[in-house]
Amino acid sequence: MKFKHISSAMLALMLSAAALPGLANAKVVVLGWPGGSEETALRATADLYNKTASDADKVELLFFNRDGFFDKLQADMAAGSNAFDVNLVATYSIGRYAPYMEPIELNADAPKVFGDTVLKTMQFDGKQYGVPTDLSLHFMYYRKDLVDALIADPDAKAKYAEISKKYLGKELAPKQPDEWTWDDWAATSLYFSKQVNRQSPVRYGTVLQMKNLLFNMMVFQSLPRSYGGDWMDASGNVTIDSDAYKTGLKLYKTLYDAGASPKDSLSYEYAETNAAFSSGQAATALQWNAAAAELTDAKKSPAVADVTGIVAPPAGPNGRADHIHGLGLGLNKNAQNKEGAIKFLKWLSSEDAALAYARAGGSPALTPDVVAKVAKERPDLVKLGEFASKYGYVMTGATSAKALSVYELQAKEFTGYWSGQQSLEDALAHTKAGMQDLLKK
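These numbers come from a predicted model, not from an experiment.

**Things to note about the side chain of serine 349**
Residue position: serine 349 is located in the loop between helix H15 (338-348) and helix H16 (351-359). A distance of 2.9 Å separates a polar side-chain atom of serine 349 from the backbone oxygen of lysine 346. Those residues in contact with serine 349 that lie beyond four places of it in its chain are Leu106, Asn107, Ala110, Val113, Phe114 and Val131.

**Comments concerning the sheet that holds strand S10 (residues 308-311)**
Pairing in this open sheet of three strands is antiparallel, and the strands run S9-S8-S10 from one edge to the other. At either end of the open sheet lies a strand with only one pairing partner, and these are strand S9 (284-288) and S10. For this sheet the average axis-to-axis angle between neighbouring strands, irrespective of direction, equals 30 degrees. Of the strand pairs in this sheet, strand S8 (residues 138-143) and S9 are connected by five bridges, and their pairing is antiparallel. Paired with tyrosine 142 across the bridge in S9 is threonine 284.

**Topic: the pattern of salt bridges**
Pairing between side chains of opposite charge can happen when the charged atoms of each approach one another. Applying the stated criterion to the full structure yields 21 salt bridges. In this structure, glutamate 102 engages lysine 338 in a salt bridge whose closest nitrogen and oxygen atoms are separated by 2.7 Å. Taken together, the positions of glutamate 102 in strand S4 (residues 101-102) and lysine 338 in helix H15 put the pair 236 residues apart, joining distant regions of the chain. The class for glutamate 102 is partly exposed, based on a relative accessible area of 25%. On the basis of relative accessibility, which here comes to 26%, the residue lysine 338 falls in the partly exposed class. A salt bridge links aspartate 257 to lysine 253, with the nearest nitrogen and oxygen atoms 3.4 Å apart. Residue aspartate 257 and its partner lysine 253 are both found in helix H12 (residues 243-258); the two are separated by four residues, about one turn of the helix. On the basis of relative accessibility, which here comes to 16%, the residue lysine 253 falls in the buried class. Here the residues in one salt-bridge network are Asp57, Glu339 and Lys343, joined through shared partners.

**Re unusual backbone geometry**
Positive phi, normally seen in glycine, also occurs at aspartate 125, with a value near 50 degrees. Following the sequence through the fold, aspartate 125 ends up in the loop between strand S5 (123-124) and strand S6 (127-128).

Cut-offs applied
Residues numbered from 1 in each chain as written. Predicted model: local features only at pLDDT ≥ 70, side-chain atom pairs only at ≥ 80, totals over all residues. Heavy atoms only, no water. Helix = DSSP H or I, 4+ residues; strand = E, 2+ residues; numbered from the N terminus. Polar contact = N/O pair within 3.5 Å; in protein donor to acceptor, adjacent residues only side chain to side chain. Contact = heavy atoms within 4.5 Å. Pairing = 2+ DSSP bridges. Axes fitted to C-alpha atoms, helices over the stretch in contact; angles between N-to-C directions. Salt bridge = Lys/Arg side-chain N within 4 Å of Asp/Glu carboxyl O. Buried < 20%, exposed > 50% of the residue type's maximum accessible area, 1.4 Å probe, protein only.

All quantities given are derived from atomic positions and should not be read as evidence of function.
Have a look at this one:
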């Protein structure tokens with residue numbers, strides 16, 4: 001048979017290329033993330049670039065389906081595909097694709113546009129593999145009306161101190177959320193929980209995302225990170241069994257066992273958290289920044305939109321920490337038009353391109369001076385850029401080839417602890433053993 005020795009991944013790419021009109025004539029083919037604001041912003045930005053690019057450098061866009069995107073991309077790149085010159089890359093998958101990509105040189109102004117912390121979301125082994133286009137991190141959402149009323153009520157403050165002493169071992173006084181430590185957040189969550197405080201005006205103090213799902217580990221890990229936690233130390237030793245992780249895991253379990261979060265939180269992720277908070281029956285929620293558009297929209301969340309405040313995650317002994325990861329675009333090692341691809345990527349990392357991408361609906365994390373130029377149009381990007389530059393981090397090893405597998409392992413073991421199926425010691429021991437295998441060189 002004619003295609004006997006061609007891999008299924010390569011054959012699929014050949015067929016998909018043949019099915020796309022004009023693809024064979026495209027000068028620089030860019031494979032982007034399909035659907036949503038990312039595709040819309042990339043299309044608009046590519047159109048802008050093409051207005052001044054030479055015929056040899058014009059960009060044509062290619063999109064796969066979302067389902068199985070990252071596995072398909074790895075298979076295609078491993079097969080040596082040259083059907084695209086520039087490809088999507090994500091922070092937690094850079095290590096999977098790095099062998100099939102080439103490091104790139106960004107625009108000279110890129111550090112001033114994005115900042116070093118954001119640029120690191122596209123780095124692997126100290127090399128830059130992509131232009132950061134869209135960033136995700138976490139906001140602490142809270143009910144301004146509830147917190148203000150608590151702080152103004154002497155009797156409520158006394159009850160708050162009593163609750164914090166009973167559950168956290170210390171008497172605390174209520175504070176504004178921008179001053180919260182994790183203990184302050186926990187005390188507030190307990191106070192606003194009917195199971196703890198029958199006088200609470202809402203049923204739950206918070207909404208924990210505790211489902212056995214890798215992305216929930218990204219939400220959780222800023223807590224241990226603010227206590228100094230990391231995946232590995234400078235020598236490559238796995239340090240997941242640290243006091244920092246023990247503190248974070250125990251605090252989540254304390255809140256869950258006390259009823260501060262719904263009992264079905266063990267099945268909660270992004271959508272369930274949004275639904276619970278927008279119902280008006282929760283006082284706080286640590287949630288992805290993407291939820292801001294829904295939770296502050298009077299049509300989508302009428303019960304809370306006008307009273308929802310947003311701050312960075314609470315502080316630990318090491319200050320605040322906010323998990324960040326990004327989507328970006330990098331260079332395929334087998335690019336047919338490598339020179340044109342490099343020109344496009346260098347332009348994409350310029351200030352003009354970043355602002356155009358933001359105005360078109362994308363979510364780039366920009367430095368304060370740059371984001372100020374689109375602040376009226378995109379106020380959400382102001383906090384995104386501020387929190388990313390001040391508090392953003394990437395765990396050591398979190399861009400490795402097995403990063404997603406590490407998150408999956410943590411989700412399985414940590415959920416097992418929170419649900420009472422295993423002890424804290426066993427959960428951390430199993431996680432450490434698994435991570436040592438996954439992250440070994």
